[in-house]
Amino acid sequence: MQFKPKMIPLAAALAFAFAGTASAQEQIVKIGHVGPISGAIAHLGKDNENGARMAIDELNAKGVVIGGKKVKFELLTEDDAADPKQGTAVAQKLVDAKVNGVIGHLNSGTTIPASKIYYEAGIPQISPSATNPKYTQQGFKTAFRVVANDGQLGGTLGRYAVQVLKAKRVAVIDDRTAYGQGVAEEFIKGAKGKSSGVEIVATQYTNDKATDFNAILTSIKSKKPDVVFFGGMDAVAGPMLRQMKQLGIEAKFMGGDGICTEALATLAGDAMADNQVVCAEAGGVEDAQKKGMEDFKAAYKKKFGVDVQIYAPYVYDSVMTMVDAMVKAGSSDPAKYAPVLSKIQHKGVTGNIAFDSKGDIKDGTLTLYTYQSGKRLQLAVVK
């Protein structure tokens, strides 16, 4: 009996050959994302991660070409638990994985130490939410951010306390993190501006994992403040508001973007009176961008089944801006696209993105909010 070799049909053979060629030509571009996916503010970290995932999925569906080659983007996500030591550890892990760029971190306290590691490796980093001015004052040409910094945010809140709320006596609490301390210091500067007449009647400190504030709030109550400003995150602000109510402190409660979340109303429960809280988000869209932002939020909810917490749109824009720079540079090599990124003009869902010589966003906006019936209500978008 004679055996004949099996013949592969011509069409199948050609398909196999072309598939191998396409696979060989497809370039893998790794983008890292870091945020607190565990711990008290994991809800914010997951929101950021979802924003990155949404951008990566859209880019892969679109079929982006960089330097004449089709690319596939891979998202490498890491959890820094809002802890500086863990933040530097995962930063080194991403460097070792040879990522082409990094989006993150969420907190200033993790972003600042991690930025040195990315800088030494020559890897561009865009933070969607770190607001401490020190981040972009280190002279690192790899460090960028897409939101206004604490100088703008804290200062605006300080002026609002005096000019709009007519506060004369102000108490300040911060959680001793890079973010909390920074925004509190800038708030004080803004409140004590020219001829404000405001008196800082108390300065108290806590930490970002505290739950008992009775001692510091009892001390503050005796000073009869018109406003209590808190530099920290919503996971601490919620219990603090509850204890303020228990102690009968009826002062206005102010804070930065760390407390300015949809989750704050749940964390504070029935302790939050209508219009009691005034906070600012580092970012915000003006009238021309409102439809784009609403469309993004609707698409986000459809994809993930939950509402945007706060910074997912800024993470999404950070990814898209970084990739825009790669496309324009014709390369995903950090050394080649970083100079293009520094001069980028990108139209995002959060507005027009361009960076100054330090890496700060140009013409950064802020959004002021209050809460009524447990819902966050926009007061104004300012620059």
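Cut-offs and rules
- Residues numbered from 1 in each chain as written.
- Predicted model: local features only at pLDDT ≥ 70, side-chain atom pairs only at ≥ 80, totals over all residues.
- Heavy atoms only, no water.
- Pairing = 2+ DSSP bridges.
- Helix = DSSP H or I, 4+ residues; strand = E, 2+ residues; numbered from the N terminus.
- Phe/Tyr/Trp six-rings, centres within 6.5 Å; stacked < 30°, edge-to-face > 60°.
- Buried < 20%, exposed > 50% of the residue type's maximum accessible area, 1.4 Å probe, protein only.
- pLDDT = per-residue confidence, 0-100.
- Contact = heavy atoms within 4.5 Å.
- Expected span 1.5 Å × (residues − 1).

Engineer: Describe in detail the pairing of strand β15 (residues 375-382), supporting the description with residues and values.
Structural biologist: In terms of strand pairing, strand β14 (residues 366-372) meets β15 through seven bridges, oriented antiparallel. Paired with Gln372 across the bridge in β15 is Lys375.

Engineer: Break down the packing of aromatic side chains for me, with residues and values.
Structural biologist: Tallying each qualifying case throughout the model produces eight aromatic pairs. Their ring planes at 50° and their centres at 4.9 Å tell us that Phe144 and Phe355 sit as a pair that is tilted. You can see Phe144 sitting in strand β6 (residues 143-145) and its partner Phe355 sitting in the loop between β13 (351-353) and β14, a full 211 residues away along the chain. Phe355 carries the same exposure label as Phe144, and that label is buried. Through successive ring pairs, a cluster of aromatic residues spans Phe296, Tyr300, Phe304 and Tyr316.

Engineer: With reference to specific residues and values, describe the confidence of the model for the chain.
Structural biologist: Summing up the model confidence of the chain, the mean pLDDT is 91 and the portion of residues at 70 or higher is 93%. Confidence drops under pLDDT 50 across residues 1-24; counting only partners more than four residues distant or on other chains, this segment forms one contact.

Engineer: Give a description of helix α5 (residues 150-163) that names residues and reports values.
Structural biologist: With 14 residues, α5 extends 19 Å from end C-alpha to end C-alpha; this agrees with the ideal 20 Å at 1.5 Å per step. Counted residue by residue, α5 has 10 buried out of 14 residues, so it is predominantly covered. Those residues of α5 that sit buried are Asp150, Leu153, Gly154, Gly155, Thr156, Leu157, Gly158, Tyr160, Ala161 and Val162. On its buried face, α5 is in contact with α6 (178-191), β9 (227-231), β10 (252-255), β11 (277-281), β14 and β15.

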